[in-house]
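Spelled out, the chains give:
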Amino acid sequence: MKNRKKVFEYLKKYVVITLGCVIFSLGASLFLDANDIAPGGVTGIAIIINHLIGLAAGKELQLTGILVIAINVPMFVLGIIFLGKQFILPSVYATVLSSLLMFLWSNTVLQFMPDMGSDTLLLSALIGGAMFGVGLGLIFRMGATTGGTDILVKILRKKFRYIRTGTISMAIDMLIVVGSVAVFQNVVLACYTVLTIIVYVVLFDWFLYGGNTAKLVYVITTAEHAEAMCKKILNELDAGATLLDANGAYAQLRKKENAPDEADLTSANPYDRKIIMCAIKGFLYPKLHDAVKQTDPNAFMIVSSAREIYGEGYKNHNDDEL
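Residues numbered from 1 in each chain as written. Predicted model: local features only at pLDDT ≥ 70, side-chain atom pairs only at ≥ 80, totals over all residues. Heavy atoms only, no water.

## A word on the nonpolar core
Soluble globular proteins: nonpolar side chains tend toward being buried together. Membership of the largest hydrophobic core comes to 31 residues, with the highest contact counts inside it found for I37, F132, L136, Y200 and F204. Breaking this core down by element, the ones donating at least two residues are α1 (2-32), α2 (41-57), α3 (64-83), α6 (121-141), α8 (165-184) and α9 (187-209). Ranked by residues supplied to this core, first place goes to α9 with seven residues. Sequence-distant contacts of Y200, that is, excluding residues within four places in its chain, are made with P39, G129, F132, G133, L136, S169 and D173. Counting residues in each nonpolar core, the second largest holds 16 residues, with C278, Y285, L288 and V292 among its members. (Core = buried A, V, L, I, M, F, W, Y, C linked by side-chain atoms within 4.5 Å. Buried < 20%, exposed > 50% of the residue type's maximum accessible area, 1.4 Å probe, protein only. Helix = DSSP H or I, 4+ residues; strand = E, 2+ residues; numbered from the N terminus. Contact = heavy atoms within 4.5 Å.)

Listed below in structure tokens is the structure:
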């Protein structure tokens, strides 16, 4: 049973990586490379080099996928040194597959696509950036990379754990954009490239961290209502909750000011409260809100976002930091 579960997880990992490679490569080949939009990373560097080789040869070439593999060789050496050997197999698989798919799409599908012209640059930047981000997010989520600067991003993420992966990636990509401006000598194209990077980073972070985010809810109510509310949360929402003791300071202090002989902050009094703390998935939040309204319409409720959660139902403490 345990071995079967391991096999299932292993297959699931590579199915998701494969799906990510297909989406990533389609976006890079059909929308970005085809329009000379270099979105950063090794793919962006390869697009720039492919353009330079084409200028030298006097004709348009489709070598981006092959160049990606060539540039990645020294990057993987760095990855082994700083990240260890465990990341190598899935990353090599993702890198080779996505690169070969890019070469395939560029020399098959792209040949039959009509020339859409410069009027569609905005659409290409948005669609290409979206597919780039979604594909890369799926690959990273499975603990792999597409090589190249993705390996540098992982190395820097280990060093600067307080900076999000997408932010580090954007900083590196912006440097490559500057290089693309110098090569393509087209400021308008550079603006579309920046737009592509913004779309890609937003979707990349969403796919990478989206499954670990939730709403953090605090409900301040009476002890009687708290018990009924917790039952609803546990039974109807199948979620957990934590009860905290609290004291209604505002009302109690106002009473003390008006009747100092009656108020005692340390003794049991009608101002005792319970706080229900609950981390809950976004799609369950409306049900939680309904449970609060039905149980205690006068409850005080604070709702915020939790970017990362560790524990049952969420991330494991031993998982790699993405």
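## A closer look at unusual backbone geometry
A positive phi is found at D238, a non-glycine position, where the angle reads about 50 degrees. On the secondary structure map, D238 appears in the loop between α10 (223-236) and β2 (242-247).

## Remarks on the sheet that holds strand β3 (residues 272-280)
Across the sheet, which stays open at both edges, the four strands sit in the order β2-β3-β1-β4 with antiparallel pairing between neighbours. Unpaired on one side and paired on the other, β2 and β4 (300-306) mark the two borders of the sheet. Within this sheet the neighbouring strands show an average axis-to-axis angle of 20 degrees, counted without direction. Bridge count between strand β1 (residues 214-221) and β3: seven bridges; the pairing is antiparallel. Note that in β3 the partner of V219 across the bridge is I276. Contacting β1, β2 and β3, α10 crosses the sheet at an angle of about 20 degrees to β3. (Pairing = 2+ DSSP bridges. Axes fitted to C-alpha atoms, helices over the stretch in contact; angles between N-to-C directions.)

## Overview of the environment of G179
Along the chain, G179 falls in helix α8. G179 gets classed as partly exposed once you look at its relative accessible area, which sits at 28%. Between the C-alpha atoms of G179 and G40, which are 139 residues apart in sequence, the distance is 9.5 Å.

## Details of the packing of aromatic side chains
Under the counting rule described, the total for this entry stands at six aromatic pairs. For the ring pair Y10 and Y14, a centre distance of 5.0 Å and an interplane angle of 45 degrees mean the geometry is tilted. Of this pair, Y10 and Y14 both sit in helix α1, four residues apart, which is roughly one turn of that helix. Relative accessible area serves as the criterion here: at 47%, Y10 is assigned to the partly exposed category. What makes Y14 buried here is its relative accessible area of 15%. For the ring pair F132 and Y200, a centre distance of 5.1 Å and an interplane angle of 85 degrees mean the geometry is edge-to-face. With a gap of 68 residues between them, F132 in helix α6 and Y200 in helix α9 connect regions that are remote in the sequence. By the burial criterion, F132 is buried, and Y200 matches it. Three or more aromatic residues joined by ring pairs form one cluster here, namely F24, F132, F140, Y200 and F204. (Phe/Tyr/Trp six-rings, centres within 6.5 Å; stacked < 30°, edge-to-face > 60°.)

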